[in-house]
Amino acid sequence: MENVLKLRYEVDGDDFTRAGEASAAVKKTLKQMGVPPEAVRKVAIALYEGEINMVIHAQGGVITVEVTPQEIRMELADRGKGIENIELAMQEGYSTAPDEVRSLGFGAGMGLPNMKKCSDEMDIQSTVGVGTIVRMTVQIH
């Protein structure tokens with residue numbers, strides 16, 4: 001049977017003071033496991049961007065991470081309003097973040113594009129009025 005480490009984190013919506021805690025914890029765990037630095041970097045960036053999106057656009061959600069010897073699989077499931085146009089949301093600079101969030105330095109429209117750049121595979125499933133599930137994979141080389 002494959003060796004799999006499973007990690008799970010609850011993300012609170014609108015809590016910018018704790019935003020980034022889950023991605024920081026995963027980064028620390030991966031470093032302790034001896035995962036190559038490039039894979040750690042990609043996972044940390046992709047997860048942080050997703051975690052911030054959950055805080056800004058959703059009412060929080062759950063992040064699950066599975067680490068195998070070959071890859072790191074991440075799932076971010078939120079309870080937000082959903083993404084109306086995924087193709088538009090994937091464009092760099094496109095943002096629906098409110099002005100108060102932008103004034104904090106967030107919401108520049110780089111979250112989803114950065115998540116895609118830092119993952120080897122990415123899939124977004126979103127239902128307006130229900131929420132969004134983003135699945136990403138980073139290969140361990």
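This structure is a prediction, so every number in the text was calculated from the model and none was measured.

### Concerning the overall build of the protein chain
Looking only at helices and strands, the protein chain features five helices and five strands. Ordered by position from N to C terminus, the α and β elements of the protein chain give β-α-α-β-β-α-α-α-β-β. Expected size for 141 residues packed as a compact globule is a radius of gyration near 14 Å; at 14 Å, the protein chain falls within 12% of this value. Along the three orthogonal principal directions, the C-alpha set of the protein chain runs to about 45 × 30 × 25 Å. Of the contacts formed within the protein chain by residues at least 6 apart in sequence, a portion of 62% connects residues at least 24 apart.

### A closer look at helix 1 (residues 21-33)
Given a rise of 1.5 Å per residue, 13 residues ought to cover 18 Å, and the 18 Å separating the end C-alpha atoms of helix 1 matches this to within 8%. Taken together, the buried positions of helix 1 are Ala-22, Ser-23, Val-26, Thr-29 and Leu-30. One face of helix 1 carries all of its buried residues, which in axial projection span an arc of 125°. More than 90 degrees from the buried face of helix 1, the exposed residues found are Lys-28, Lys-31 and Gln-32.

### Some points on the pairing of strand 5 (residues 131-139)
Where strand 3 (residues 71-78) lies against strand 5, seven bridges are found, and the strand directions are antiparallel. From the neighbouring strand, Arg-73 faces strand 5, where its bridge partner is Thr-137. Here strand 4 (residues 121-127) runs beside strand 5; their pairing, made up of seven bridges, is antiparallel. Residue Ser-126 lies in a different strand from strand 5, and its bridge partner there is Thr-132. Linking two consecutive strands that pair antiparallel, namely strand 4 and strand 5, is a turn of three residues; a positive phi of about 90° is found at Gly-129 within it.

The rules we used
- Residues numbered from 1 in each chain as written.
- Predicted model: local features only at pLDDT ≥ 70, side-chain atom pairs only at ≥ 80, totals over all residues.
- Heavy atoms only, no water.
- Helix = DSSP H or I, 4+ residues; strand = E, 2+ residues; numbered from the N terminus.
- Rg over C-alpha atoms; globule rule 2.2 N^0.38 Å.
- Contact = heavy atoms within 4.5 Å.
- Expected span 1.5 Å × (residues − 1).
- Buried < 20%, exposed > 50% of the residue type's maximum accessible area, 1.4 Å probe, protein only.
- Arc of directions from axis to C-beta.
- Pairing = 2+ DSSP bridges.

The values are spatial; any link to function lies outside them.
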